[in-house]
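Chain by chain, the residues run as shown.
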Amino acid sequence: MSDQQMAAVEAYFLALQERLCSQLEEEDGGGNAFAADSWRRDEGGGGCSRVLRDGLVFETAGVNFSHVRGDKLPGAASRLRPELAGRPFQALGVSLVIHPHNPYVPTAHCNVRYFQTDASGEQGEQLWWFGGGFDLTPYYGFDDDAIHWHESAAAACADHGADTYARLKRRCDEYFYLPHRSEARGIGGLFFDDLREGGFEQCFAFTRSVGDHFLPAYRPIVARRKSLEYGERQREFQLYRRGRYVEFNLIIDRGTLFGLQSGGRTESILMSLPPRAAWRYAWHPETGSPEARLYERYLKPRDWLAPGLPESTPPTLQVDS
């Protein structure tokens, strides 16, 4: 890839980080700004972590940008191409995780990334690929939120192949799954990796479309739910489900593993974790409860855009403990 193309990717990622932070500050409305923490990496490159804490709506929201270089590509980044492990590499990306106060507002994640490596040593061919996506983790599900989220995901894919949304939704459902719990992390969205088919410009355009569609997918959901009343029961269930988020990120997530394996900045890598979480031994939701409804309707792969989707009664908004 040319220096101009690399510069274009970096410029888009930096502009996306700025736009995400600006609009999330606006949605939060509490007057808190994202604090910027720039850092350098001894092995090469660096980044800027931007974090909003204790906002009016968002308990924590983090938006990371990084552009790192290294002599040996970690295994977590070369799973689909094991022959690339150990080669010199560059990696650029923006990663966002939002943990809201209100249990009726879902946690959200978005990531767009670019990798470049020498395939076969100093004389080898240079290889590159894009990856990314976004996914939603509700604590109390609403059909209209799920439908809107997946309509936005489909819109991101609309100009990039008739079957793209269906393929990447399926990959998202498969990826954001906790096999040790036999549970999905949330209602999915889009997930792609090792994207290079069609050439650089086409792949970069699709990656930009995914990044550009995150805020239109998430902000209307936040706006609908952020003022709903909740009580101790809802907060405790949110903390319990956050425990699953922690398990996924520390045990399964390839981005976390890549960051740790490549000697990345631990504070920035673990920014994705919620500030508070809880575990309960052998706990199960009460039959017929709003908490049980999350497992029964929302933590199972579903075609949210299918005509004639069976309607579901929204959860009862309880504020008792």
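Quick note: structure is the one above.
From a predicted model like this one, the values you see are computed outputs, not experimental measurements.

Undergrad: An account of the layout of surface pockets is requested, with residue identities and associated values reported.
TA: Quantified by volume, the largest pocket comes out at close to 380 Å³. Taken together, 19 residues make up the lining of the largest pocket; nearest its centre are Val51, Arg53, Thr60, Glu267 and Met271. Mapped onto the lining of the largest pocket, the elements with two or more residues apiece are β1 (35-40), β2 (45-53), β3 (58-70) and α7 (266-269). Per-element tally for the lining of the largest pocket: the top contributor is β3, with four residues.

Undergrad: Could you give an account of the sheet that holds strand β9 (residues 188-195), naming the residues involved and the relevant values?
TA: Strand order in this open sheet of seven strands is β1-β2-β3-β4-β5-β6-β9, and the pairing throughout is antiparallel. The open sheet has two edge strands with one neighbour each: β1 and β9. For this sheet, the mean inter-axis angle between neighbouring strands, taken without regard to orientation, is 5°. Relative to strand β4 (residues 89-100), β3 is paired through 12 bridges, and the arrangement is antiparallel. Across the sheet, the residue bridging to phenylalanine 65 is valine 94, located in β4. Strand contacts of helix α4 (residues 200-225): β3, β4, β5 (107-118), β6 (126-137) and β9, with the helix running at about 15° to β6, the strand carrying the most contacts.

Undergrad: So what's going on with the pattern of salt bridges? Which residues, and what values?
TA: Tallying each qualifying case throughout the model produces 23 salt bridges. The partner of arginine 219 in a salt bridge is glutamate 27, with the nearest N and O atoms 2.7 Å apart. Taken together, the positions of arginine 219 in helix α4 and glutamate 27 in helix α1 (residues 3-28) put the pair 192 residues apart, joining distant regions of the chain. Measuring nitrogen to oxygen at the nearest pair gives 3.1 Å for the salt bridge that ties arginine 254 to aspartate 193. Of this pair, arginine 254 sits in helix α6 (residues 254-261) while aspartate 193 is found in strand β9, placing the two residues 61 residues apart along the sequence. Like aspartate 193, arginine 254 is buried.

Analysis parameters
- Counting starts from 1 at the beginning of each chain's written sequence and moves along it residue by residue.
- In view of the model being predicted, local features appear only for residues whose pLDDT reaches at least 70, and side-chain atom pairs are presented and counted only at 80 or more, with totals across whole chains, interfaces and linings using the full set of residues.
- Side-chain metrics rest on all non-hydrogen atoms present in the structure, leaving aside hydrogens and water.
- Buriedness of a pocket was judged along seven lines, with at least five required to meet protein on both sides within 12 Å; pockets are open sets of points on a 1 Å grid over the protein atoms alone, cavities are sets where a 1.4 Å probe fits but cannot get out, and lining residues have an atom within 4 Å of a point.
- Grid points are joined across faces, edges and corners, and a volume is the space filled by probe spheres set on the points.
- Numbering of helices and strands runs from the N terminus; a helix is a DSSP stretch of H or I covering at least four residues, while a strand is a stretch of E covering at least two.
- Pairing between two strands is assigned when DSSP locates at least 2 bridges connecting them.
- Axes here refer to lines fitted to C-alpha atoms; in helices the fit is confined to the stretch in contact. Angles between the N-to-C directions go from 0 to 180 degrees.
- By the convention used here, residues are in contact when the closest approach between their heavy atoms is within 4.5 Å.
- Here, a salt bridge means any side-chain nitrogen of Lys or Arg that lies within 4 Å of a carboxyl oxygen of Asp or Glu.
- Working definition: with a 1.4 Å probe on protein chains only, accessible area under 20% of the residue-type maximum means buried, over 50% means exposed, and in between means partly exposed.

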